[in-house]
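# Reading the structure
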Number of protein chains: 2
Amino acid sequence: MQAIKKTTRRPGRPIAGPDGQNDIREKILDAAEQMFGSYGWTATSFRDIATDVGINPAMITYYFRTKKNLIETVFKRRATQIADRWLQLLDALESRPKRPPTVYELMYSYLSVEFDMQKSGAAGEAFVKLQARIHNEIDDFCFRLRREVYDVATQRYIAAFERALPEIDPVDINWRIVFVIGGFLYMLAGGARLEDLSGGLCKIDDIDEVTARATSFMVGGMSAASTQYSHPHPKTTQPKAAKVKVATTNGELGRSPKAGKTLARKRTQRNQKG
Amino acid sequence: MQAIKKTTRRPGRPIAGPDGQNDIREKILDAAEQMFGSYGWTATSFRDIATDVGINPAMITYYFRTKKNLIETVFKRRATQIADRWLQLLDALESRPKRPPTVYELMYSYLSVEFDMQKSGAAGEAFVKLQARIHNEIDDFCFRLRREVYDVATQRYIAAFERALPEIDPVDINWRIVFVIGGFLYMLAGGARLEDLSGGLCKIDDIDEVTARATSFMVGGMSAASTQYSHPHPKTTQPKAAKVKVATTNGELGRSPKAGKTLARKRTQRNQKG
């Protein structure tokens, strides 16, 4: 702690004028981004960040009040860039005359936005790590943040995939976008497991390769035939005996294709609104 | 802290005999599993766990010395069950005469082991959450744990997928197993994002459905045509101009299929050893 000096200035209040204030504010955000990304949310204190920036911890309280408010500001600073970029790319693909976007184009554009952020420099790399980290650390709060910033764009991607894959059960499209998110978050968190499992055969130092490898996998997954699955217990209370698993030729479980179509209509109506 | 009493017993040493000791040890492990899964590794202290079990924190130190040792014991207790189950299922599939395992069978068995653990009860559910959580919290340490417990089984699965998909670049198989891991870890961490993004269209309360949905996606991804990608900078130092991206009909990037075959041979040699 610095010695308290006799002054009318409130402790922690920044000394510099408006420009200096913005500088300090940005420096706090940069340091917080790096440290939340590297050590996680719980393990990083205002004091750690203040030490890194070379200021009094009270200065962070002055600017951001709470740790949640700080991480919210850190998160939104770059997440809004990602969401905007998604919408731009989708607009470009969807406004192209006579050639609706392919599944490959949609997937490549969806994934490349995150991987482009990762390769944009140290700050972008810290951000994508933070994003992968906070998901598991502060469920409800992080959840609200992701919903607030990403849902519009992600739901537009879901609708675009549904249009590009009219033969696929839209329920599957929704599930699959979540598997896609899981896959890229895991890679963004580090991906070191890949180098390890492959015995050094695969390297993650080339982010363009990560994007290409992820795209081919995710396109295959997204385009796979609809899951054959029938719910053992739909909305209404039914006896356990209602559990019907229809074995198909490839050993998967049966699900009525009709249900898929009804859902497709519902989804399409919903999507055309947003 | 309890008041120190005059006694020859070391503080924290359990009072009960061997059976009672095992009981307390298991109770500590159960509580730690629940709390690490719910609140994460950093946010959970020996004191929290001790309060939950109703013992003195020194008792946890007596049994487990450090927090890392505690989480290692918690992790291995169920992770070894998962690894053993993977090996059993693979043995069964691979010993079947004249019908080598299909990609679907391999993927379903690989995923179902994790999801079966999730649905085995509160403890299994806590474990899979913990597993998804610690991945992001304590990188290096968790990494060593996963490697130690899971690598033999996962590498056998990789080899089995390579045999089931001889036409696919084995480098892709290695990448793809990591996307699969990312996808199921994300679902095991909660999957609430799915219900959110789909506007309630998809529910994650039926783990059999999660397994079926994940399997169809992952089978599609694993079986997708090899990624067409050529490294801009191979091992040897080459000028930047060596970066060749060959556009193919579907807009992917070109990668020599020859390189894939060489790697396939290398991998096969490696896999036949283990």
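Refer to the preceding data block for the structure.
What this report covers is the structure whose coordinates are included nearby. Remember, it's a predicted structure, so these values are computed and weren't measured experimentally.

## Regarding the packing of helix 8 (residues 170–188) of chain A against helix 10 (residues 207–223) of chain B
It is at 10 Å that the axes of helix 8 of chain A and helix 10 of chain B come closest, and there the two elements cross at 75 degrees. Here helix 10 of chain B runs roughly perpendicular to helix 8 of chain A, going by the angle between their axes. In this structure, helix 8 of chain A uses Val171, Asp172, Trp175, Arg176, Phe179 and Val180 of chain A to contact helix 10 of chain B, whose residues at the interface are Glu209, Val210, Arg213, Ala214, Ser216, Phe217 and Met218 of chain B. Grouping the constituent residues of the contact of helix 8 of chain A with helix 10 of chain B by class yields 8 nonpolar, 1 polar and 4 charged.

## Considerations on the packing of aromatic side chains
To describe a pair of aromatic rings, you give the distance between the ring centres and the angle between the ring planes. One pass over the full model with this rule turns up 27 aromatic pairs over all chains. Pairing Tyr62 of chain A with Tyr63 of chain A gives two aromatic rings, centres 5.2 Å apart and planes at 70 degrees, and the pair type is edge-to-face. Owing to a relative accessible area of 30%, Tyr62 of chain A belongs among the partly exposed residues under this scheme. Ring plane angle 35 degrees and centroid distance 5.4 Å describe the contact between Phe217 of chain A and Phe179 of chain B, whose orientation is recorded as tilted. Of the two residues, Phe217 of chain A is situated in helix 10 (residues 207–223) and Phe179 of chain B in helix 8 (residues 170–188); the pairing between them involves two chains. An aromatic cluster is defined as three or more aromatic residues linked by ring pairs; in this entry it consists of Phe75, Trp86, Tyr110, Phe127, Tyr150, Tyr157, Phe161 and Phe184 of chain A.

## Some thoughts on the pattern of salt bridges
Opposite charge on two side chains makes pairing possible when the charged atoms of those side chains draw close. Applying the stated rule across the entire model yields 38 salt bridges over all chains. Of the charged contacts, one joins Lys119 of chain A and Asp116 of chain A as a salt bridge, the two residues approaching to 3.7 Å between their closest N and O atoms. Looking at Asp116 of chain A, the relative accessible area reads 37%, which means it is partly exposed. For Arg156 of chain B, the salt bridge goes to Glu94 of chain B, with nearest N and O atoms at 2.9 Å. With Arg156 of chain B in helix 7 (residues 139–164) and Glu94 of chain B in helix 4 (residues 67–94), the pair connects residues that are 62 residues apart, well separated along the chain. Using a relative accessible area of 30% as the deciding quantity, one classes Glu94 of chain B as partly exposed. The structure contains a network of salt bridges with shared partners spanning Arg25, Glu26, Asp30, Glu33, Arg77 and Arg78 of chain A.

## Things to note about the packing of helix 5 (residues 103–118) of chain B against helix 10 of chain B
Residue and element names in this part refer to chain B. Put simply, helix 5 and helix 10 touch, their axes get as near as 9 Å, and they point 145 degrees apart. Both helix 5 and helix 10 take part in a crossing whose hand is right-handed. Each of Val103, Tyr104, Met107, Tyr108, Leu111, Ser112, Phe115 and Gln118 in helix 5 lies in contact with helix 10, whose residues at this interface are Ile207, Val210, Thr211, Ala214, Thr215, Met218, Val219, Met222 and Ser223. Across the contact of helix 5 with helix 10, the residue classes break down as 12 nonpolar, 5 polar and no charged.

What counts, and at which threshold
- Residues numbered from 1 in each chain as written.
- Chains lettered and ligands numbered in written order.
- Predicted model: local features only at pLDDT ≥ 70, side-chain atom pairs only at ≥ 80, totals over all residues.
- Heavy atoms only, no water.
- Axes fitted to C-alpha atoms, helices over the stretch in contact; angles between N-to-C directions.
- Helix = DSSP H or I, 4+ residues; strand = E, 2+ residues; numbered from the N terminus.
- Parallel < 35°, antiparallel > 145°, perpendicular 65-115°, else oblique.
- Contact = heavy atoms within 4.5 Å.
- Nonpolar A, V, L, I, M, F, W, Y, C, P; charged D, E, K, R; others polar.
- Phe/Tyr/Trp six-rings, centres within 6.5 Å; stacked < 30°, edge-to-face > 60°.
- Buried < 20%, exposed > 50% of the residue type's maximum accessible area, 1.4 Å probe, protein only.
- Salt bridge = Lys/Arg side-chain N within 4 Å of Asp/Glu carboxyl O.
- Left-handed = near helix turned anticlockwise from the far one by under 90°.

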